[in-house]
Structures are given as structure tokens and as C-alpha cells.
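Report on the structure
Take a look at the letters that make up each chain.
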Amino acid sequence: MKSPLRWYDPILLIIVPPVITWVVKLLLYSCRIIKVEGRERVKEVLTQSKGKAVYATWHQRVIFQGRHLAHSNITLMVSQSRDGEYAIRFVSLFGHANVRGSSTRGGSLALKELTKIIKEGGRGGILADGPLGPARVAKIGAVIMAHEAQVPLITVTYGADRCWIINSWDRFMMPKPFARITIYYPEPILISPSADSKELEDYRRLLEERLNQGTSWCDAQFGLERPWRKVKEKGQREVGPLELSHDQKNSLDL
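A brief look at the structure comes next. Keep in mind the model is a prediction, meaning the values are calculated, not measured.

**Topic: the overall build of the protein chain**
Tallying secondary structure elements over the protein chain gives 8 helices and 10 strands in all. Counting only residues that meet the buried cut, the protein chain has 50% of its 254 residues in that class. Within the protein chain, contacts between residues at least 6 apart in sequence are counted, and of these 74% link residues at least 24 apart. Approximately 13000 Å² of the protein chain is accessible, and the part contributed by carbon and sulfur atoms is 55%.

**What about the nonpolar core?**
Membership of the largest hydrophobic core comes to 31 residues, with the highest contact counts inside it found for Tyr-55, Ile-63, Ile-154, Tyr-158, Ile-181 and Tyr-185. Only α1 (9-30), α2 (39-48), β2 (53-57), β3 (74-78), α4 (82-92), β7 (157-160), β9 (173-175) and β10 (180-184) provide two or more residues apiece to this core. Apart from the residues within four sequence positions on either side, Tyr-158 is in contact with Arg-61, Val-62, Ile-63, Phe-64, Gln-65, Met-173, Met-174, Pro-175, Ile-181, Thr-182, Ile-183 and Cys-218.

**Brief notes about the sheet that holds strand β5 (residues 123-127)**
What holds strands together in a sheet is hydrogen bonding between their backbones, with the strands either parallel or antiparallel. Spatially, 5 strands are ordered β4-β3-β5-β2-β6 in an open sheet, and the strand pairing comes out parallel. Looking at which strands have only one partner, the edges of the open sheet turn out to be β4 (97-100) and β6 (153-155). The average undirected angle you get between the axes of adjacent strands in this sheet is 30 degrees. Examined bridge by bridge, β3 and β5 share 3 bridges and lie parallel to one another. When the sheet's bridge partners are listed, Leu-76 is paired in β5 with Gly-125. Along the sheet face, helix α6 (residues 141-149) touches β2, β5 and β6 and points at about 170 degrees away from the line of β2.

**Some remarks on the sheet that holds β10**
Spatial strand order, β1-β10-β7: 3 strands in an open sheet with mixed pairing. Two strands bound the open sheet, and with one partner strand each, they are β1 (32-37) and β7. On average, each strand axis in the sheet is inclined to that of its neighbour by 20 degrees, with strand direction left out of account. In the sheet, β1 pairs with β10 via 5 bridges, with the strands oriented parallel. Following the sheet pairing, Arg-32 is matched in β10 by Arg-180. Here helix α7 (residues 197-220) sits on the sheet in contact with β1, β7 and β10, set at roughly 155 degrees to β10.

Definitions and cut-offs
All residue numbers refer to position in the chain's written sequence, counted from 1. Per-residue local features of the predicted model are confined to residues with pLDDT of at least 70, and side-chain atom pairs are confined, for both listing and counting, to 80 or more; whole-chain, interface and lining totals are unaffected and use all residues. Hydrogens are left out, water is left out, and the side-chain values use all remaining heavy atoms of the structure. A run of H or I in DSSP counts as a helix once it spans at least four residues, and a run of E counts as a strand once it spans at least two, with each numbered from the N terminus. To sort residues, take the accessible area from a 1.4 Å probe on protein chains only and compare it with the maximum for the residue type: under 20% means buried, over 50% means exposed, and anything in between is partly exposed. Any two residues whose heavy atoms approach within 4.5 Å are treated as being in contact. Methods summary: accessible areas were calculated by the Shrake-Rupley approach with a probe of 1.4 Å, and residue burial reflects only the protein chains presented. Remark: nonpolar core denotes a set of buried residues (Ala, Val, Leu, Ile, Met, Phe, Trp, Tyr, Cys) joined through side-chain atoms within 4.5 Å. A pair of strands is treated as paired once DSSP finds two or more bridges between them. To define axes, lines are fitted to C-alpha atoms, for helices over the stretch in contact only, and angles between the resulting N-to-C directions are given on a 0 to 180 degree scale.

Interpretation in functional terms is not warranted from these geometric data alone.
This is the structure:
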């Protein structure tokens, strides 16, 4: 398999992640969490599952989870792309382990490896719409892991009163220094062990609904909804209901 790295990446991989992580940690730890909604229901299901779980969030809202869920024994699925090479070093400095794979490359093997880790007592973490979207459309990978490991699927998201919105496919959100933060845990999803493929699709839709519900709640604490998709067509808005093409609807396989 051809390496995704460029000739200068090995040098940058030694220097850049620790520097960026140090800066990002300073930024994130300057922020103040003013409210966490739903924490008690998560504690309850984790007690019942003996600590095992699958965590899912939107790609746009992942950065603050580096602080919030640091050292929580979560193994993250990270893509095999060049960006992923940098990401694994970043997440490891926050105390997270990783497996490599995504919906576009190596996903099935990574899914099996992460499911095995969860069954053995760990916790898995996945970006529900990663690595490349479409934004706010959950793929089914998190549901499959939670179903096969028979553990709760825990969704989590956050909002900030002040943030930068990056011009990426999902309008990635970075809180500004000293921002106020809200965190929301919707009701955990418990997947029936006898669920068939149609029912798993229903759970996928439920995952999507819960994450969107939580994200809207977080934004509402500070005012208007944050932009969450890059405008590609005239008349399309950065917020609002999703409109998927036929090909996009058929791509929700991981």
C-alpha cells in the first residue's frame, strides 16, 4: 500500500503535533464548562455496562471532546489518510489510543478491531459523519459496533459562546480562548441484540436525530445555530434541514 505521507512528513510529525497540542490544550483548558446536560443518565448506563460503550459525535464538534473525555479509556477510529497521521499523534497526547480506518479506507478491519477492544472492556469513539461527510449525516459504523459488542451508544456534543468557524466541509468549530462551553448527552441508545438490517438503519437515523438534537440544544444556550455545512449551491444555507442526493443516501455504509 502506497504511503500517504510526503517526504517531509516524518520530520513534521515529530515537531508539529506536540507544538499544536500544547497550543490547543492551553486554548481548551482556558474555556469554562458552564453546564453539562445528561451526565447522570450516562453514568447510569456505564454502570450497567461495566464501563463499556461506544461514543459518537459530529466531526464539527470533536475538538473539545479532547479535553472533556481525556483519559477516559477511549480508543478512537482515525482515518488512514495523511491527515490521520497527524491526528493519531494529536489524540495520543490527550491520552487516547487509536485504530486506523474510515468509511473510505480500511474501515471494516478497524471496525472489527475496535469492536474487539470494546468487548474486552474498553470504550470506542467514532466520528458519526467522518471523515468526509456529508455533514450531520450519521454513518452506520457506530451502530454496528454498539450492536455487535452489545454496549450503549453514547452521543455527546458541545457548544461555545465564542468560536472560530473554519471554512471546511462541515464548518469545523474551534472555541476561542476563555469561551463558555455547554455539553449535552442525549439519551443513550440501547440496541436490541436481535436487530436486523432494517432495524439497524432505524437506529442509525436515531443516532443522527440524537446528535442533531444535542447540537441544537448546545447552540440554543448561546443564541443562533452555528453554520454546519459548506455552501456549494446557490440558494443553499449553512444551516437548516438536510437534503441528500440519491448517491449520498446510498453511501451511508460506515
